[in-house]
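# Summary of the model geometry
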Amino acid sequence: MAETAWSLDQPAAVATRADAPRHAALVRVTHWLTTACFLALLVSGLEIVVSHPRFYWGESGNVLTPALFSIPIPSSRATVPTGYGYVLPDQNGWSRYLHFEAAWVLVLTGALYVVWGASSGHFRKDLLPEASDRSVQALSRAFARHLRFARPAAADAWSYNVAQRLTYILVIFVLFPMVIWTGLAMSPAFVSAVPSTVTWLGGRQSARTLHFLVTLSLVAFLLVHVAMVWLAGFGTRVMAMIAGAPAPTRGSE
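Residues numbered from 1 in each chain as written. Predicted model: local features only at pLDDT ≥ 70, side-chain atom pairs only at ≥ 80, totals over all residues. Heavy atoms only, no water.

Bringing the packing of aromatic side chains into the picture now. A full pass over the atoms with the stated rule returns nine aromatic pairs. Ring plane angle 15 degrees and centroid distance 5.0 Å describe the contact between Phe55 and Phe69, whose orientation is recorded as stacked. Here Phe69 lies in strand E2 (residues 69-70) and Phe55 lies in strand E1 (residues 54-55), a separation of 14 residues in the sequence. The structure contains a cluster of three or more aromatic residues connected by ring pairs, namely Phe55, Phe69 and Phe212. Its end group placed over the ring of Phe55, Arg208 keeps NZ or CZ at 4.4 Å from the ring centre. (Phe/Tyr/Trp six-rings, centres within 6.5 Å; stacked < 30°, edge-to-face > 60°. Helix = DSSP H or I, 4+ residues; strand = E, 2+ residues; numbered from the N terminus. Lys NZ or Arg CZ within 6 Å of the ring centre and 35° of its normal.)

Here's what the structure looks like:
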């Protein structure tokens with residue numbers, strides 16, 4: 001998440017860094033690779049869900065068993081009861097191929113980022129909260145400031161605040177590994193080699209349901225992330241570039 005406002009009286013030391021890259025080249029490359037893969041997974045995953053928009057818990061589930069919950073959309077298969085009098089075009093073929101390919105590119109990109117982040121100290125320096133921020137009182141104050149959209153201090157202009165750090169840790173080390181795990185648990189070939197992948201989740205249908213719910217969490221993070229980046233001034237700079245005018249500096253946003 002990006003900050004929503006910048007202090008107007010930042011020290012010169014901070015202002016001189018306005019044009020310098022905030023992130024290392026590998027972080028920027030893996031960020032955009034992950035973005036492209038995630039969008040491809042969303043599009044293809046939506047087409048896969050349309051073929052059977054019902055979710056179950058346990059090992060098996062079909063149109064003859066009660067659903068844990070259903071998405072109120074038409075299906076691409078006439079055998080799935082949705083309440084609609086028509087079916088959508090079946091795009092299940094290409095969507096599964098794209099989903100599989102994008103998933104492995106995402107896994108390899110994430111592995112590269114994690115190895116680099118651990119070896120370079122990126123996680124320790126940029127994501128792990130400072131010792132002074134790990135108390136309940138400090139966390140409460142930080143989240144209260146964040147919810148009030150308070151202006152960040154000049155010292156925080158080039159570092160993540162504690163809310164951002166905890167959110168990124170949750171996404172990188174919990175949600176993304178979980179979406180990969182649940183995805184592998186739906187693969188018959190992988191499960192045949194590592195049966196515990198699916199048994200620990202309670203069954204293949206449980207894995208599918210968890211995969212969908214974790215994906216919704218990642219989509220929510222993506223929407224908030226993009227909104228905060230836009231509010232931080234990205235939109236202003238883009239419009240200035242389109243108009244041919246000099247983009248405002250961070251200190252003037």
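Below, the discussion takes up the packing of helix H2 (residues 25-51) against helix H3 (residues 92-120). A packed helix pair is summarised by two numbers, namely the angle formed by the two axes and the spacing between the axes. Close contact between H2 and H3 brings their axes to 8 Å; oriented N to C, the two are set at 150 degrees. In terms of orientation, H2 and H3 fall into the roughly antiparallel class. Both H2 and H3 take part in a crossing whose hand is left-handed. Classifying every residue of the contact of H2 with H3 by side-chain character gives 17 nonpolar, nine polar and two charged. (Axes fitted to C-alpha atoms, helices over the stretch in contact; angles between N-to-C directions. Parallel < 35°, antiparallel > 145°, perpendicular 65-115°, else oblique. Left-handed = near helix turned anticlockwise from the far one by under 90°. Nonpolar A, V, L, I, M, F, W, Y, C, P; charged D, E, K, R; others polar.)

Treat this as a map of the structure, not an account of what it does.
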